[in-house]
Every structure is written in C-alpha cells, then in structure tokens.
Amino acid sequence: MPPIISVKNLSKTYGSGFKALNNVDLDINRGEIFALLGPNGAGKTTLISIICGIANLSEGSVTVDGCDINKDYRAARSLIGLVPQELHTDAFESVWATVSFSRGLFGKPKNPAHIEKVLKDLSLWDKKDAKIVTLSGGMKRRVMIAKALSHEPQILFLDEPTAGVDVELRKGMWEVVRTLQSAGVTIILTTHYIEEAEEMADRVGVIAKGEIILVGDKAGLMQKLGKKRLTLHLQNRIDAIPTALAPYSLELSDDGRAVTYDYDTKGERTGITSLLNDLRNAGIRISDLDTSQSSLEDIFVSLVRAP
Ligand code: ATP
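Every value quoted in this text rests on a predicted model; they were computed, and no experiment measured them. (Residues numbered from 1 in each chain as written. Predicted model: local features only at pLDDT ≥ 70, side-chain atom pairs only at ≥ 80, totals over all residues. Heavy atoms only, no water.)

Draft legend 1. A look at the overall build of the protein. A tally of helices and strands in the protein yields 10 helices and 14 strands. Each of the 307 residues in the protein was classed as buried or not, and the buried ones make up 43%. Here the protein contributes 37 positive and 39 negative side-chain charges, whose respective centroids are spaced 3 Å apart. (Helix = DSSP H or I, 4+ residues; strand = E, 2+ residues; numbered from the N terminus. Buried < 20%, exposed > 50% of the residue type's maximum accessible area, 1.4 Å probe, protein only. Lys, Arg positive; Asp, Glu negative; His and termini not counted. Charge placed at Lys NZ, Arg CZ, Asp CG, Glu CD.)

Below you can see the structure in the form of structure tokens.
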C-alpha cells in the first residue's frame, strides 16, 4: 500500500534566511502511529506545519493520500486534523459549539452524530455544554483533539500532546491515541520523550538540526537509543583516564573527581562488572555512583557526531 504521507527532498528556509529543514525525505504508512523525536528547535513543528499547509515549503514536495499539498491544498488539508502545541480555543464557548464550529471551517455539512461520537470517545460527553474556561487542562487538551477530529480526518497530527502534562493524564492521552488508531486514524506525534515514543509508536523518526537522521521501527531504534550513563564519583581526583581503561571511552569531569560511562541497557553485556574490576586494578577508588538514562539531547549529540 502506498504511504499516506510522502515527503520528498523537503527544505524550508525562513524569511530570516534560517534553514529549518534540509532535504527531508519521509514516508508515513497508513494506520501507523509515528513518533517524531527531536530536541528543541529541531524542526518538528516546521515539518508538521508544512504538511498541514500552515507554512510554505521552500523546496521539495509533500503528498497526502496522493494529493499534492500545494496543487491540491483543500483536498490534502481536509484529510488532516492538527492538534497544535498551544491550546487556543474560545474560552466562553461551550465544548459542543467549539467542536461543531471547527467542522464547519472545513465546509463539511453538520453531523451531530459524529460530534457526539468524538466527544464520547474522548470522555467529554458529559462536558458538552460546559464553557471551555471551566475545564481542567487535561479536558482542554482533549477538546483540542475533538476539534481536530471534527471533520473526520484520516490523519491526526499531535504536536507534543503531553508536554507539561502529569503522568496520569499522559497515560490517558496514550489511551485516546490508541483508540483513534484502532478506529483507522494514522497518527503522527512529536515528542521530546523517548518513553512516549517507546510506549506509543510503531515507528520512530529522529530529527535534529532540520535533518531526519534516523527512521526505523521502534524495536530497532530503541535498541540504538537505549543507553544509560553510569557516573562514578572518585575518592581521589585523577588528572587523566589511565590508558588501560581506554576501551570504555570514559569521560573525566573537569574537576577530575568523576568519570562517566555510557552503556547499552539492551545489550547482552553492559561492561559494568569488568569496568569496576579494571578501575580497581588501576588503583582508582570509588566513593559513590549513580546512573541516569541518557537524555535525548545526549543521544542526539552522539548520533549527530557519529561518523
Ligand atoms: P520545539 O521542540 O522547541 O517545539 P521544533 O523541533 O518544533 O522545536 P521548530 O519550531 O520547527 O522546532 O523550529 C525549528 C527552527 O526554526 C528553530 O531554530 C526556530 O528558531 C526556527 N524557526 C521557527 N519558526 C521560525 C520563523 N517563523 N522564522 C524564523 N525561524 C523560525
């Protein structure tokens, strides 16, 4: 089956001269949940905005279900629902009115049965007459999703749906996304959180500095990304890492009192046991240790640096 979205050689240079996207190629498969991972400023919102027809592309092409987003703008746009990062709705409208109004913007005839279904799927039915201003943050986010689904799109973009959202609500949001997928909607979400991609996505794309640096199915990618960092605090400061420890690619802190070791949590061996032995053999004593999941930023740095 052909991809539902096909992005080819896409570049975007803003009026300021800044190149936010550079030669992006990306296919989204029908029915999948695709997570676009990237640090701040990577180009995620720019990419989504172009596909959704909010920003113009500078070079390349994008088709949505075979419709070119420039030549066939209306047809392409009507296939897409977009939940933007910022919540903006008319605070004094009711949930029902605001969601129905969104449908009208797409020139679709009224369909109360559809609006009712969307509100029920998003657990907003009992709030249909409530003014937006009276809703909790989580409910407001669901209203944004309801608005995006009001015109029966086949594709839903969620731009950082769980940024600044508590754990409970994040899980609720994941449930909603899964329900939508089982109803046949293709979902593309952007996120900073590896855990979110891991939990939700069928495939993951990593974007950094305007370039897609990796795309793959989740399992393969998580193996690549699943690094942890062990920090060993030393009893005595050292000036340099002994050459015998070179194979571990340790990094020495500026004050010479800690070394860090990155290891693969999904690999067969972490190398920690032999590292601790070799440190002892080198006469280095440890006063404390801690581990942390390497942040997305760290991963990007290592991916971008990789030859
Ligand atoms: P975040 O995770 O912070 O939302 P993002 O990956 O969505 O980031 P974008 O919002 O797409 O990133 O921004 C990509 C780059 O393009 C950034 O460096 C940003 O400063 C720049 N940029 C975005 N919009 C404009 C604009 N209208 N004019 C000039 N530069 C812009």
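Draft legend 2. Structural context of the packing of aromatic side chains. Tallied over the entire structure, the rule returns 3 aromatic pairs. Judged by centre distance (6.2 Å) and plane angle (70°), the ring pair of tryptophan 96 and tryptophan 125 falls under edge-to-face. With tryptophan 96 in helix H3 (residues 95-105) and tryptophan 125 in the loop between helix H4 (112-121) and helix H5 (137-149), this residue pair connects regions lying 29 residues apart in the sequence. Here tryptophan 125 falls in the partly exposed class, since its relative accessible area comes to 27%. Pairing tyrosine 261 with tyrosine 263 gives two aromatic rings, centres 6.0 Å apart and planes at 20°, and the pair type is stacked. Across the pair, tyrosine 263 and tyrosine 261 agree in class, each one buried. Site record: aromatic cluster; members linked through ring pairs are Tyr248, Tyr261 and Tyr263. The ring of tryptophan 125 carries lysine 120 above its face, with NZ or CZ at 4.9 Å from the centroid. (Phe/Tyr/Trp six-rings, centres within 6.5 Å; stacked < 30°, edge-to-face > 60°. Lys NZ or Arg CZ within 6 Å of the ring centre and 35° of its normal.)

Draft legend 3. Local environment of the site of the ligand. Around the ligand, 15 residues are found, and the nearest of them are Asn40, Gly41, Lys44, Thr45 and Thr46. Contacts to the ligand include lysine 44, whose side-chain N or O atom sits 2.8 Å from an oxygen atom. Side-chain polar atom of threonine 46 to an oxygen atom of the ligand: 2.6 Å apart, as the coordinates give it. When the ligand is considered free in solution it has 640 Å² of accessible area, and contact with the protein chains removes 65% of it. Here the shell around the ligand gets 3 residues from one element, more than from any other, and that element is helix H1 (residues 44-51). Taken together, the residues of the shell around the ligand sort by class into 5 nonpolar, 8 polar and 2 charged. (Near = heavy atom within 4 Å. Polar contact = N/O pair within 3.5 Å; in protein donor to acceptor, adjacent residues only side chain to side chain. Areas by Shrake-Rupley, 256 points an atom, 1.4 Å probe, with all protein chains shown as cover. Nonpolar A, V, L, I, M, F, W, Y, C, P; charged D, E, K, R; others polar.)

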